[in-house]
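# Chains, contacts and geometry: an overview
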Amino acid sequence: MVAAGGKRGQRQDDGVRSIWLRSRRATRGEPPLTLPRIVEEAVALLDEEGIDRLTMRRLADRLGVVAPSLYWHVETKDDVIDLAVDAIFSEVPPPAGQTADWHDDITTVLTTWRAALLRHPWAAAVPARRRPTIGPNFLAWMELLQATLIRAGFTGKSLSAATWALYNHVMGSASTETALHITEEERRVGQEQLRANSDRYPSLAANGYLYDDDWDGSFTTGLRYLLDGLQAQLDRARPDRG
């Protein structure tokens, strides 16, 4: 419902901003524009032009409608982004079964997330926004992640800590890879400066800091370190485990 004096697309602030937590508008008299079509075109626009270029007017133009038609389905641009983010996590459904090794199942979840974010680079920056990621497709993957950790033996605060350590690893890896843009000349000049100041930055100068862009290798190795650390926590908590 539009508040008195408000504009179409605006709602009285009731403390619920996420489209996933709000009741949907009744469809009686709705124009022939479906929500799946809006989401599909939004993902295409975001893939082609990035998140900063997304506006309701540009999206409407691509759909061949006037902007007010979108407000039958969404109220703000953030709604569109929330829907688009969730859509990319539906491209590969979560596996139905589980392997004998929980490490392998966690690796499947996180590598699938990372692949989705790298296919749609604009999405890697979205988790840093103020709105939670709680669409049904993403939640299906998050459910698999936590269910696997519970099967491994994590509960309570340890479950929460393990979940967010893994979440932050994949999201941070993808967002850094997609956001960082450095030219070869910048690498060369920057590394020369580090070598010239090796008394202040001996480790960075000696180890090619600005040439370290093995994203796949760093993600995989970092994930292995995390999983090894989580396993060590379980082993310490259950010293009698055979």
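Residues numbered from 1 in each chain as written. Predicted model: local features only at pLDDT ≥ 70, side-chain atom pairs only at ≥ 80, totals over all residues. Heavy atoms only, no water.

If you check an unreviewed UniProt entry, the chain appears there as TetR/AcrR family transcriptional regulator C-terminal domain-containing protein from Streptomyces coffeae.

### A short note on the UniProt feature "DNA-binding region" (unreviewed entry) in the chain
The condition is simple: UniProt positions are given in the numbering used here, feature names are shortened, and annotations may be inferred rather than shown by experiment. Helical segments are the DSSP runs of H or I of at least four residues, strand segments are the runs of E of at least two, and each set is numbered from the N terminus.
Those residues carrying the UniProt feature "DNA-binding region" (unreviewed entry) are residues 55-74 in this numbering. Secondary structure content for residues 55-74 is 40% helix and 0% strand, while the C-alpha to C-alpha distance between its ends is 13 Å.

### With respect to the packing of aromatic side chains
To be explicit about the condition: Two aromatic rings from Phe, Tyr or Trp, using only the six-membered ring of Trp, form a pair when their centres are within 6.5 Å; if the ring planes differ by under 30 degrees the pair is stacked, by over 60 it is edge-to-face, and anything between is tilted. Relative accessibility decides the category of a residue: with a 1.4 Å probe and only protein chains considered, values under 20% of the type maximum give buried, values over 50% give exposed, and everything between is partly exposed.
By the definition in use, this model includes seven aromatic pairs. On the basis of an interplanar angle of 70 degrees and a centroid distance of 4.8 Å, the ring pair of tryptophan 164 and tyrosine 167 is categorised as edge-to-face. Here tryptophan 164 pairs with tyrosine 167, and both are found in helix 6 (residues 156-179), just three residues apart, close to one helical turn. According to the relative accessible area criterion, tyrosine 167 is buried, its value standing at 9%. An aromatic cluster is built from Phe89, Trp113, Phe138, Trp164 and Tyr167, whose rings are joined through pairwise contacts.

### Quick look at the packing of helix 4 (residues 102-119) against helix 5 (residues 136-152)
Stated precisely, the cut-off is as follows: Lines are fitted to the C-alpha atoms to define the axes, a helix being fitted only along its stretch in contact, and any angle between axes, read from their N-to-C directions, falls within 0 to 180 degrees. The scheme is simple: roughly parallel for angles under 35 degrees, roughly antiparallel for over 145, roughly perpendicular for 65 to 115, oblique for anything else. By the definition used in this description, the sense in which the near helix is turned from the far one sets the handedness, with an anticlockwise turn below a right angle giving left-handed and a clockwise turn giving right-handed. The contact criterion used throughout is that any non-hydrogen atoms of two residues lie within 4.5 Å. Under the scheme applied, nonpolar residues are Ala, Val, Leu, Ile, Met, Phe, Trp, Tyr, Cys and Pro; charged residues are Asp, Glu, Lys and Arg; polar residues are all the others, including Gly.
Running from amino to carboxyl end, helix 4 crosses helix 5 at an angle of 160 degrees, the nearest separation of the two axes being 9 Å. Looking at the two axes, helix 4 sits roughly antiparallel to helix 5. Note that helix 4 runs across helix 5; the crossing there is left-handed. Residues Trp102, Asp105, Ile106, Thr108, Val109, Leu110, Thr112 and Trp113 of helix 4 pack against Phe138, Trp141, Met142, Leu144, Leu145, Thr148, Leu149, Arg151 and Ala152 of helix 5. By residue class, the composition of the contact of helix 4 with helix 5 is 12 nonpolar, three polar and two charged.

### A word on the environment of leucine 54
Position of leucine 54 among the secondary structure elements: in the loop between helix 1 (35-49) and helix 2 (56-63). Taking the C-alpha atoms as reference points, leucine 54 and valine 80, 26 residues apart in sequence, are found 9.2 Å from one another. If sequence neighbours within four positions are ignored, leucine 54 has contacts with Leu45, Leu46, Leu59, Lys77, Val80 and Ile81.

### Some words on helix 7 (residues 184-196)
The line we're drawing: Given a helix with a known number of residues, its expected span is that number minus one, times 1.5 Å. Summarising the geometry, the arc corresponds to the directions from the helix axis toward the C-beta atoms.
Taking 1.5 Å of rise per residue, 13 residues should cover 18 Å, and helix 7 covers 18 Å from first to last C-alpha, within 8% of that figure. Every buried residue of helix 7 is accounted for by Arg187, Gly190, Gln191 and Leu194. Around the axis of helix 7, the buried residues are gathered within 100 degrees of arc, so they sit on the same side. Summarising the geometry of helix 7, the exposed residues directed more than 90 degrees from the buried face are Gln193 and Ala196. Looking at the buried positions of helix 7, the neighbouring elements they touch are helix 8 (202-206).

### Brief notes about the packing of helix 1 against helix 3 (residues 77-88)
Angle between the axes and distance between the axes: these two values describe a pair of packed helices. Running from N to C, helix 1 and helix 3 cross one another at 85 degrees; their axes reach a closest spacing of 9 Å. Here helix 3 runs roughly perpendicular to helix 1, going by the angle between their axes. Only Val80, Leu83, Ala84, Ala87 and Ile88 of helix 3 make contact with helix 1, whose side of the interface consists of Leu35, Val39, Ala42, Val43 and Leu46.

### Describing the pattern of salt bridges
Which entries qualify depends on this criterion: Put simply, a salt bridge is a Lys or Arg side-chain nitrogen that is within 4 Å of an Asp or Glu carboxyl oxygen.
In this structure the tally under the stated criterion is 13 salt bridges. The salt bridge involving glutamate 49 is made with arginine 62; its shortest N-O contact spans 3.9 Å. Of the two residues, glutamate 49 is situated in helix 1 and arginine 62 in helix 2; the sequence distance between them amounts to 13 residues. Under the relative-accessibility criterion, arginine 62 is labelled partly exposed at 29%. Aspartate 105 serves as the salt-bridge partner of arginine 151, at 2.4 Å between the closest nitrogen and oxygen.

### With respect to the environment of alanine 152
Structurally, alanine 152 is set in helix 5. You can call alanine 152 buried: its relative accessible area is 6%. Each C-alpha atom of the pair alanine 152 and histidine 103 lies 8.8 Å from the other, and the pair is 49 residues apart in sequence. Among all residues touching alanine 152, those that are not within four sequence positions of it are Trp102, Leu234 and Arg238.

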